[in-house]
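Single-letter residue listing:
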Amino acid sequence: MGLSAEQIKQGLDAVAAQEPGIARALDIAGYPEPRIRPTGYKTLLRTIVGQQVSVAAAASVWNKLEGELGEDFSPTCLLERDFDTLRACGLSRQKQGYARSLCELVSAGELDLENLPEDDEEAIAQLTRIKGIGRWSAEIYLLFAEGRPDIWPAGDLAVMAGIGKILGMEERPDEKATRALAEPWRPHRGATAIFTWHCYNNPAL
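The following paragraphs examine the structure supplied in this document.

### Side note on the overall build of the protein
Line of reasoning, step 1. A tally of regular secondary structure across the protein gives 12 helices and zero strands.
Line of reasoning, step 2. Helices and strands appear in the protein in the N-to-C order α-α-α-α-α-α-α-α-α-α-α-α.
Line of reasoning, step 3. Scaling as 2.2 N^0.38, a compact globule of 205 residues should have a C-alpha radius of gyration of about 17 Å, and the protein matches this with 19 Å.
Line of reasoning, step 4. Viewed in the frame of its principal axes, the protein has a C-alpha envelope of about 55 × 35 × 30 Å.
Line of reasoning, step 5. The buried share of the protein, taken over its 205 residues, is 43%.
Line of reasoning, step 6. Residue pairs at least 24 apart in sequence account for 67% of intrachain contacts in the protein once pairs closer than 6 positions are excluded.

Below, the structure is given as structure tokens:
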């Protein structure tokens, strides 16, 4: 489960108490809605399917996969299908490689998505063993699916732009600066990340 509305509120209130820019933006934009995704390999598979394509195209591929494999398909179901079958569902050669990497790790018991390490960096290291899952994708999974409260995807363009906007910076901070800016906001950086996306396109700010 991702962070609840109450957890987001508590986290943002704590950060706003020490950061005037966050407090001001909160007064203007209000609290963001929770972003929640289910835990498990399907959420990561959806991430792979959705890479570098539109939301509509990703939905079409996912529907075709469910049509071929069944709505409750297991990792083994996908591994049993050949290249042409998965290609007909819309999965490129590269994405098939990523999908097979995920399903092989899960089905072999090498990646237990219900028992990832409690340490965030160790959990990210586990998830990035999957081909096609980089640090950003791992962070998004840990924030939206597991609801880890201190995840801060500093490499996300909207997080960088959003925090620059919230803090009234003349130029968008880079990833290194964005990571450094949020250090004082531990352990509530997850709620703050969700707030930056909420503020990113808000014309009132």
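### Here we look at the nonpolar core
Line of reasoning, step 1. With 59 residues, the main nonpolar core has Leu65, Phe195 and Trp197 as its most contacted residues.
Line of reasoning, step 2. In this structure Leu65 touches Val49, Gly70, Leu86, Cys89 and Leu91, once residues within four positions along its chain are discounted.

### Some details on the layout of surface pockets
Line of reasoning, step 1. Computed from the structure, the largest pocket encloses a volume of approximately 470 Å³.
Line of reasoning, step 2. Contributions of two or more residues to the lining of the largest pocket are made by helix H3 (41–49), helix H4 (55–69) and helix H9 (135–144).
Line of reasoning, step 3. At five residues, H9 tops the list of elements feeding residues into the lining of the largest pocket.
Line of reasoning, step 4. Every residue lining the second largest pocket is listed: Asp120, Glu121, Ile124, Arg135, Glu139, Asp150, Ile151, Trp152, Arg179, Glu183, Arg186 and Arg189.

### Notes on the side chain of Arg148
Line of reasoning, step 1. Its location among the elements puts Arg148 in the loop between H9 and helix H10 (157–166).
Line of reasoning, step 2. Residue classification places Arg148 among the buried residues on the basis of a relative accessible area of 9%.
Line of reasoning, step 3. Among the polar contacts listed, one links the side chain of Arg148 to the side chain of Glu146, at a separation of 2.8 Å.
Line of reasoning, step 4. When near neighbours in sequence (up to four residues on either side) are disregarded, Arg148 contacts Leu3, Leu116, Pro117, Glu118, Asp119, Asp120, Ala123, Leu142 and Leu143.

### Structural notes on helix H8 (residues 120–127)
Line of reasoning, step 1. Within the span of H8, buried status applies to Ala123, Ile124 and Leu127. Along the axis of H8, the buried positions cluster into a sector of 100°, meaning they face one direction only.
Line of reasoning, step 2. Where H8 is buried, its residues touch H3 and H9.

### Details of the side chain of Asp150
Line of reasoning, step 1. Mapping Asp150 onto the fold places it in the loop between H9 and H10.
Line of reasoning, step 2. Among the polar contacts made by the side chain of Asp150, one reaches the side chain of Arg186 at a distance of 3.2 Å.
Line of reasoning, step 3. Of note is the side chain of Asp150, whose polar atom sits 3.5 Å from the backbone nitrogen of His188.
Line of reasoning, step 4. In this view, Asp150 contacts Asp120, Arg186, Pro187, His188, Arg189 and Gly190; residues no more than four positions away in its chain are not counted.

### Quick word on the packing of aromatic side chains
Line of reasoning, step 1. Throughout the structure, instances matching the rule amount to four aromatic pairs.
Line of reasoning, step 2. Note on Phe144 and Trp197: the rings are 5.5 Å apart at their centroids and 65° apart in plane angle, and the pair reads as edge-to-face. Taken together, the residues Phe144 in helix H9 and Trp197 in helix H12 (residues 189–200) connect sequence positions 53 residues apart.
Line of reasoning, step 3. For Trp197, a relative accessible area of 13% gives the class buried.
Line of reasoning, step 4. Aromatic ring contacts, followed pair by pair, group Tyr41, Trp62 and Phe73 into a single cluster.
Line of reasoning, step 5. Taking NZ or CZ as reference, Lys42 lies 4.7 Å from the ring centre of Phe73, over its face.
Line of reasoning, step 6. The ring of Phe83 is capped by Arg93, whose NZ or CZ atom sits 4.5 Å from the centre of that ring.

Conventions adopted
- Residues numbered from 1 in each chain as written.
- Predicted model: local features only at pLDDT ≥ 70, side-chain atom pairs only at ≥ 80, totals over all residues.
- Heavy atoms only, no water.
- Helix = DSSP H or I, 4+ residues; strand = E, 2+ residues; numbered from the N terminus.
- Rg over C-alpha atoms; globule rule 2.2 N^0.38 Å.
- Buried < 20%, exposed > 50% of the residue type's maximum accessible area, 1.4 Å probe, protein only.
- Contact = heavy atoms within 4.5 Å.
- Core = buried A, V, L, I, M, F, W, Y, C linked by side-chain atoms within 4.5 Å.
- 1 Å grid on protein atoms, 1.4 Å probe; cavity = no way out; pocket = protein on both sides within 12 Å on 5 of 7 lines; lining within 4 Å.
- Points joined across faces, edges and corners; volume = space filled by probe spheres on them.
- Polar contact = N/O pair within 3.5 Å; in protein donor to acceptor, adjacent residues only side chain to side chain.
- Arc of directions from axis to C-beta.
- Phe/Tyr/Trp six-rings, centres within 6.5 Å; stacked < 30°, edge-to-face > 60°.
- Lys NZ or Arg CZ within 6 Å of the ring centre and 35° of its normal.

Treat this as a map of the structure, not an account of what it does.
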